[in-house]
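Each chain is listed here by its residues.
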Amino acid sequence: MSKVSLVIEFWDFLKARKKFWLMPIVFFLVLLGAILVVSQGSALAPFVYTLF
């Protein structure tokens, strides 16, 4: 299963179940994960890890 089909299936789930309130939560988690991955090898890593 490709990543694109997973996103499409999740979007269809949200539309069918009227769970649009989940989108900000999912967006925040994806953004947080991206920040952790990008800053892992940089000089910002000590500052990011102090948040947790």
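Higher on the page you've got the structure.
Residues numbered from 1 in each chain as written. Predicted model: local features only at pLDDT ≥ 70, side-chain atom pairs only at ≥ 80, totals over all residues. Heavy atoms only, no water.

Participant: Quick question: what am I supposed to make of the overall build of the protein here?
Facilitator: Across its full length, the protein carries three helices and zero strands. Each helix and strand of the protein, placed in order from N terminus to C terminus, yields the pattern α-α-α. Per-residue burial for the protein yields a buried fraction of 8% across its 52 residues. Accessible surface, the protein: about 4700 Å² in total, of which carbon and sulfur atoms supply 77%. (Helix = DSSP H or I, 4+ residues; strand = E, 2+ residues; numbered from the N terminus. Buried < 20%, exposed > 50% of the residue type's maximum accessible area, 1.4 Å probe, protein only. Areas by Shrake-Rupley, 256 points an atom, 1.4 Å probe, with all protein chains shown as cover.)

Participant: What is the right way to look at unusual backbone geometry in this model?
Facilitator: For residues other than glycine, phi is negative in most cases, and the peptide bonds are mostly trans. Positive phi outside glycine occurs at Lys18, with the angle close to 55°. If you trace the backbone, Lys18 turns up in the loop between helix H1 (3-17) and helix H2 (22-38).

Participant: Whenever I open this one, the packing of aromatic side chains confuses me. Can you help?
Facilitator: Using the criterion set out here, one finds two aromatic pairs in the structure. When the ring of Trp11 is compared with that of Phe20, the centres are 5.8 Å apart and the planes differ by 55°; the resulting orientation is tilted. Looking at Trp11, the relative accessible area reads 40%, which means it is partly exposed. Under the relative-accessibility criterion, Phe20 is labelled partly exposed at 41%. (Phe/Tyr/Trp six-rings, centres within 6.5 Å; stacked < 30°, edge-to-face > 60°.)

Participant: What should I look at first to understand the packing of H1 against H2 in this one?
Facilitator: Relative orientation and spacing of two packed helices are given, respectively, by the angle between their axes and the distance between those axes. Contact geometry of H1 with H2 gives a least axis separation of 11 Å together with a crossing angle of 155°. Comparing their axes, H2 and H1 come out roughly antiparallel. Residue-level contacts link Phe10, Phe13 and Leu14 of H1 to Leu22, Met23 and Val26 of H2. Taken together, the residues of the contact of H1 with H2 break down into six nonpolar, no polar and no charged. (Axes fitted to C-alpha atoms, helices over the stretch in contact; angles between N-to-C directions. Parallel < 35°, antiparallel > 145°, perpendicular 65-115°, else oblique. Contact = heavy atoms within 4.5 Å. Nonpolar A, V, L, I, M, F, W, Y, C, P; charged D, E, K, R; others polar.)

Distances and angles like these do not, on their own, reveal function.
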